[in-house]
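# Residue-level structural notes
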Amino acid sequence: MTAQGFPRSRRLHLKNDFKSIIQSGHKIQGFGLVLWWKPAPLGQEDVRVGLVVSRKLGNAVVRNRVKRLLREAFRLNRKRLQSGVDYIFSPRNSDSLATADAAEYALLGLCRKAGLMPSLSAEQGLCGDDENNFAE
RNA sequence: UUGACGGUCCAGAGAGCCGCCUUUAGCUUAACCGCUUUAGGAGGAACUUCCGGACUCCGCAGGGAAAUGCGCCUUGCGAAAGCAAGGGACACGCGGGAUAAAAUCCGCGCGUACGGAAAGUGCCACAGAAAACAAACCGCCUUCGGGCAAGGGUGAAAAGGUGCGGUAAGAGCGCACCGCGCACAAGGUAACGCGUGCGGCAAGGCAAACCCCGCAUGGAGCAAGGCCAAAUAUGUCCAUACGUGUCCCGCGUCAGAGGCAGAGUAGGCCGCUUAGAGUAAUGGCUCUCCCGGCUGUACAAACAGCUGACAGAAUCUGGGGUAUGGGCCGUCAAACAC
RNA sequence: GGGCGGGUGGCGGAAUGGCAGACGCGCACGGCUCAGGACCGUGUGGACGAAAGUCCUUAAGGGUUCAACUCCCUUUCCGCCCA
């Protein structure tokens, strides 16, 4: 598959998955976001992502736009994140996620803070060889 | 030109790259997955859930009652809800005429959830003598037995109004005009009602209080409802093992590796859609053009920069209500110019 | 998606259509005490005002009524239920 695709199998969609990740996973906040993450069950190499958007964030148009921007930011940077992990993002306010650039900045910033970006060391090193990290 | 109102239309366009959902065909696979490919992919309000209808399940012999909703008339559209046009009545405003001043009258505009208050019940706080049975605080008159309801004040509302006569004082007690009621009734499909006669005046308001009259309505909702169906528990069948026995059949017991059953949880499918249900797709970036707005350089033209209304389908569908950017047409008003 | 319920001082919560804010908590002041708590008493929606007082106020807007927190309609916010 292409490097930037984002099919259904990369998304969390079962209620039990959400419940287990939020209850027993790790949690970190920052950049107007909350992130829960948890190592995936056995045999899964890919990353999976879920989004939780509260009604307090705004009406349906605002909520849908925030989800699309976060999903796009995740899609473009998926191969830079730690694989074999399930992620759940939940935005806390829509102002800090108003544009695609802001959403990407917030998502990457929070993942770096959580230590879920193994490619960071490679980027800071000689050359950013993403394929190495992806193969792990 | 601006504003208000009414009507009507649109909801930026075209490319490129990366993606998403459904789908056609092919390759691959045990199957899923995956790859290539075909076609399609938000709205006028998708919002609200205020009324309808389809559809599904439940209930139901028939009749009545209850409960709920609606309520001027005619016509048209519609399955219904509802919408439109015209008319009537009432309320308010403006203008005209009349007048000492009003009301009544005429015209125009605007609005109305607009059947019934002489079927019954209830309520009308405070104030006030009295709030619907009429009564009498101050008062007026008096032959001191009583008579009166004009004046006072209260109140949202005080049991017709104004004037003249009348009287002890008064009073529709009498008269004129107005108002009110009843009957008849030109006219009108009807709501209504020109008008005529009668009645001295009874019958205050509230039905978005109970209610009466007329009309309509069974209840719940796609999370409706239907189908398949792990695990576990239950029931049952059968083989094996053990006991009885020399052995087999048979009988009994333990344990469930297995089969079946009905119910049914997790889960899945249908319902479901030429957009379609699953953490729920319809997106991100770049360029060009168009439209509107703001800012700057500017008299203007032109150029540059910034910005893009309300809002996201969830079974389908008809209305009502609300939010909101712009184009065009019409009517009215104001200002400016001629 | 569908079906319901509610919104009243700083907070919890009352209020037949008739003086809005009962009652409790909190807060302020005073009393009691050496002091604090507890207890007792008074006050306590907002604006203007020296005060007297005037005006506004039951989520918002409109309607019915002499009179609306209450009845009716529209909008908005909050909450609950249905697999």
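Residues numbered from 1 in each chain as written. Chains lettered and ligands numbered in written order. Predicted model: local features only at pLDDT ≥ 70, side-chain atom pairs only at ≥ 80, totals over all residues.

Once that is clear, we can look at the confidence of the model for chain A. Within chain A, residue pLDDT values average 75, and 79% of them lie at 70 or more. Within chain A, helix 5 (residues 130-135) has the poorest average pLDDT of any element, 32, and strand 1 (residues 26-30) the best, 88. In this model, residues 121-136 is a region of pLDDT below 50 whose contacts with residues beyond four sequence positions or in other chains number 14 contacts. For this predicted complex, the interface score ipTM comes out at 0.76, while the overall pTM is 0.77. (pLDDT = per-residue confidence, 0-100. Helix = DSSP H or I, 4+ residues; strand = E, 2+ residues; numbered from the N terminus. Contact = placed C-beta atoms within 7 Å.)

With their axes 9 Å apart at the nearest point, helix 2 (residues 60-76) and helix 3 (residues 100-114) run at an angle of 60° to one another. It follows that helix 2 is oblique to helix 3 by the angle criterion. Where helix 2 crosses over helix 3, the handedness of that crossing is right-handed. In contact with Leu69, Leu70, Glu72, Ala73, Phe74 and Leu76 of helix 2, helix 3 contributes Ala100, Ala103, Glu104 and Leu107. A per-class count over the contact of helix 2 with helix 3 returns 8 nonpolar, no polar and 2 charged. (Axes fitted to C-alpha atoms, helices over the stretch in contact; angles between N-to-C directions. Parallel < 35°, antiparallel > 145°, perpendicular 65-115°, else oblique. Left-handed = near helix turned anticlockwise from the far one by under 90°. Nonpolar A, V, L, I, M, F, W, Y, C, P; charged D, E, K, R; others polar.)

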